[in-house]
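# Close look at the chain arrangement
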Amino acid sequence: MTLRVLITNDDGISAPGLHSLARAAVARGLEVVVAAPFEEASGTSAAMRAVEQEGRVVVHDHPLPELATTPAFAVGGSPGFIALIAVHGAFGPPPQVLLSGINRGANAGRAVLHSGTVGAAFTAVANGCPAMAVSLDVLSAGEATAASGGAAVAEAARVRDVDRHWDTAARVALDLLPRLLTGPVASVLNVNAPDLPFGRLRGIRRGTLATFGQVQMTVAESGQGFVRTSLEQPGQAVQPGTDLALLAEGYASVTAIRALTEATDIDLSGLDPD
């Protein structure tokens, strides 16, 4: 039986990473359905947000370039909400696996908590559907941690999104699909690939979560009635063996992560009834 796959993202239905992942999945012979937000929904984590008209969530057909026969929908909702309604049959039979991405930018370190790409995957596994989050490191980990004055960001911005190596991330993700399907449903595979041609990729390695993301938010200014935030590069060095370190070395990184795991090492004794 052909594997039925739902592909979503947080960059929106028009994002080139989404299209590349869908094309690669179709080329592998998978039964693909695409459902993604109308517009960018980055940083939404697993938020349940939807746009309704007369009590109905807005959903439009949105055929993708080169994939005229693949069902694709633009949805007035966050990635987590799309994942939730997908596993309940909103876009046809429930998917057997959910692929989220390809995100524009690495989702690495503990900052994955805030990612809409990862949030969609967490929502799927919480509802019994295996899921993978896939991202392309459009700004390398080495640049993000070593460059100063925003020069690395400016340099990365000069590369057009359509010219990035989305196919590398798509190929890595689909090569890892058998591992996803044989693992526990409660775990998400978080995959990050460097923005390199596949032939220049040094390999795929298991990475631990870095203690920080590529950038961190800080409060730049606050005053009466306002707060202004900004993003800054972490001041600490990348730890060896982490997802960010592997990206900087030219490897694709995969990390198995779980959400909402109970902490059993906290002392809550004496609270149970006698």
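Above: the structure in question.
Residues numbered from 1 in each chain as written. Predicted model: local features only at pLDDT ≥ 70, side-chain atom pairs only at ≥ 80, totals over all residues. Heavy atoms only, no water.

Scanning the chain from terminus to terminus reveals seven helices and 13 strands. Every one of the 274 residues in the chain was classed for burial, and the buried ones make up 47%. Of the roughly 13,800 Å² of accessible surface on the chain, a fraction of 52% belongs to carbon and sulfur atoms. (Helix = DSSP H or I, 4+ residues; strand = E, 2+ residues; numbered from the N terminus. Buried < 20%, exposed > 50% of the residue type's maximum accessible area, 1.4 Å probe, protein only. Areas by Shrake-Rupley, 256 points an atom, 1.4 Å probe, with all protein chains shown as cover.)

Turning our eyes to something else, we now look at the pattern of salt bridges. Working definition: two side chains of opposite charge can pair if their charged atoms are close together. Summed over the entire model, instances satisfying the criterion amount to six salt bridges. Among the salt bridges present, the one from Asp175 reaches Arg28, with a minimum N-O distance of 2.9 Å. Residue Asp175 is found in helix α6 (residues 166–182), and its partner Arg28 is found in the loop between α1 (16–27) and β2 (31–37); the two are separated by 147 residues along the sequence. The exposure class assigned to Asp175 is partly exposed, which follows from its relative accessible area of 37%. Overall, the relative accessible area of 42% leaves Arg28 in the partly exposed class. Ionic pairing is found between Arg160 and Asp163, a salt bridge with its closest N-O pair at 2.9 Å. On the accessibility criterion, Asp163 (42% relative accessible area) is partly exposed. Here the salt bridges share partners, and the residues they tie into one network are Arg104, Asp161, Arg164 and Asp195. (Salt bridge = Lys/Arg side-chain N within 4 Å of Asp/Glu carboxyl O.)

Most of helix α3 (residues 116–126) sits inside the fold, with 10 of its 11 residues counted as buried. Here α3 has its buried residues at Gly116, Thr117, Val118, Gly119, Ala120, Ala121, Phe122, Thr123, Ala124 and Val125. At its buried positions, α3 is contacted by β1 (4–8), α2 (79–87), β7 (97–104), β8 (131–137), β9 (188–194) and β13 (252–257). Between a side-chain oxygen at the N-terminus of α3 and the backbone nitrogen of Thr117 the separation is 3.1 Å; the capping residue is Ser115. (Contact = heavy atoms within 4.5 Å. Polar contact = N/O pair within 3.5 Å; in protein donor to acceptor, adjacent residues only side chain to side chain.)

Moving on, we come to the pairing of β9. β9 sits mainly inside the fold: seven of its seven residues count as buried. Residues Val188, Asn190, Asn192 and Pro194 point to one face of β9 and Leu189, Val191 and Ala193 to the other, with burial holding for every one of them. Both β8 and β9 contribute to a ladder of seven bridges, which runs parallel. Residue pairing in the sheet places Ala131 in a bridge with Val188 of β9. In this structure, β9 lies alongside β13, joined through five bridges in antiparallel fashion. Looking at the pairing, Leu189 lines up with Ala256 of β13. (Pairing = 2+ DSSP bridges.)

The subject of this paragraph is the side chain of Thr255. As for its position among the elements, Thr255 is in strand β13. In this structure the side chain of Thr255 is engaged in a polar contact, spanning 2.6 Å, whose partner is the backbone oxygen of Gly207. For Thr255, the residues in contact, after removing those within four places along its chain, are Val188, Leu189, Asn190, Gly207, Leu209 and Asp243.

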